[in-house]
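Fold and contact review
Chain by chain, the residues run as shown.
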Amino acid sequence: MTDQVTAAESGTPEIPGKPTSASRTTLSHIMTHNDTNLLGTVHGGVIMKLVDDAAGAVAGRHSGGPAVTASMDQMAFLEPVRVGDLVHVKAQVNWTGRTSMEVGVRVLAERWNESAPPTQVGSAYLVFAAVDADGKPRRVPPVIPETERDKRRNQEAQIRRTHRLARRRAIKELREKRAAEGFDD
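We now turn to the structure provided with this report.

Rules used in this analysis
Residues numbered from 1 in each chain as written. Predicted model: local features only at pLDDT ≥ 70, side-chain atom pairs only at ≥ 80, totals over all residues. Heavy atoms only, no water. Salt bridge = Lys/Arg side-chain N within 4 Å of Asp/Glu carboxyl O. Helix = DSSP H or I, 4+ residues; strand = E, 2+ residues; numbered from the N terminus. Buried < 20%, exposed > 50% of the residue type's maximum accessible area, 1.4 Å probe, protein only. Expected span 1.5 Å × (residues − 1).

Another point: the pattern of salt bridges. Pairing between side chains of opposite charge can happen when the charged atoms of each approach one another. On inspection of all chains with the given rule, the structure shows 9 salt bridges. D73 serves as the salt-bridge partner of R164, at 2.7 Å between the closest nitrogen and oxygen. Of this pair, R164 sits in helix α3 (residues 148–180) while D73 sits in strand β3 (residues 67–77), and the two are 91 residues apart along the sequence. In terms of burial, R164 and D73 fall into one category: buried. E156 serves as the salt-bridge partner of R152, at 3.0 Å between the closest nitrogen and oxygen. Highlighted residues: R152 and E156, both in helix α3, separated by 4 residues, approximately one helical turn. We classify E156 as partly exposed; its relative accessible area is 28%.

With that settled, consider helix α2 (residues 44–63). Relative to the 28 Å expected for 20 residues at 1.5 Å per residue, α2 spans 28 Å between its end C-alpha atoms, a close match to the ideal helical length. Within α2, burial applies to I47, L50, V51, A54, A55, V58, A59, G60, H62 and S63. Phi turns positive one or two residues past the end of α2, at G64, with a value near 75°.

Read these as geometric descriptors, not functional statements.
This is the structure:
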């Protein structure tokens, strides 16, 4: 179910695993008028950039070098974010393969001048590929889930990966079938 290959199978030395907590991070940012959309709330693209920034930092930390965004799944906006909100973007590696990793992100917001607890306003899953100086894929350390929550996130990430691969295969097969039937779309 994973693309993790053992050292014996690959002929290369085993990379030691890293615990989930080793790369977990939080990025915080106060939203200003520059971040708003036409409705006066924070633009979804601003939130998506913060999500990608936090996830990229986590992926780079976990992999020990550059990592690029391969895909963003399921960006969910649960509540609007307003000017003056202090946004916290919490990210961690949920799953690793041979050269890729899934990073889970939770977005929380709280009023900058209030002491109420933050509210979850969004979430996303991103897949990153670790790359070398030439932009070629490179191996990543396995992630070691530390808590029951980390273990659940790891299992759910494997399910999402299976679905991503199945979707990609189905689309490729459909396109090949349409091309064979003479459609050039």
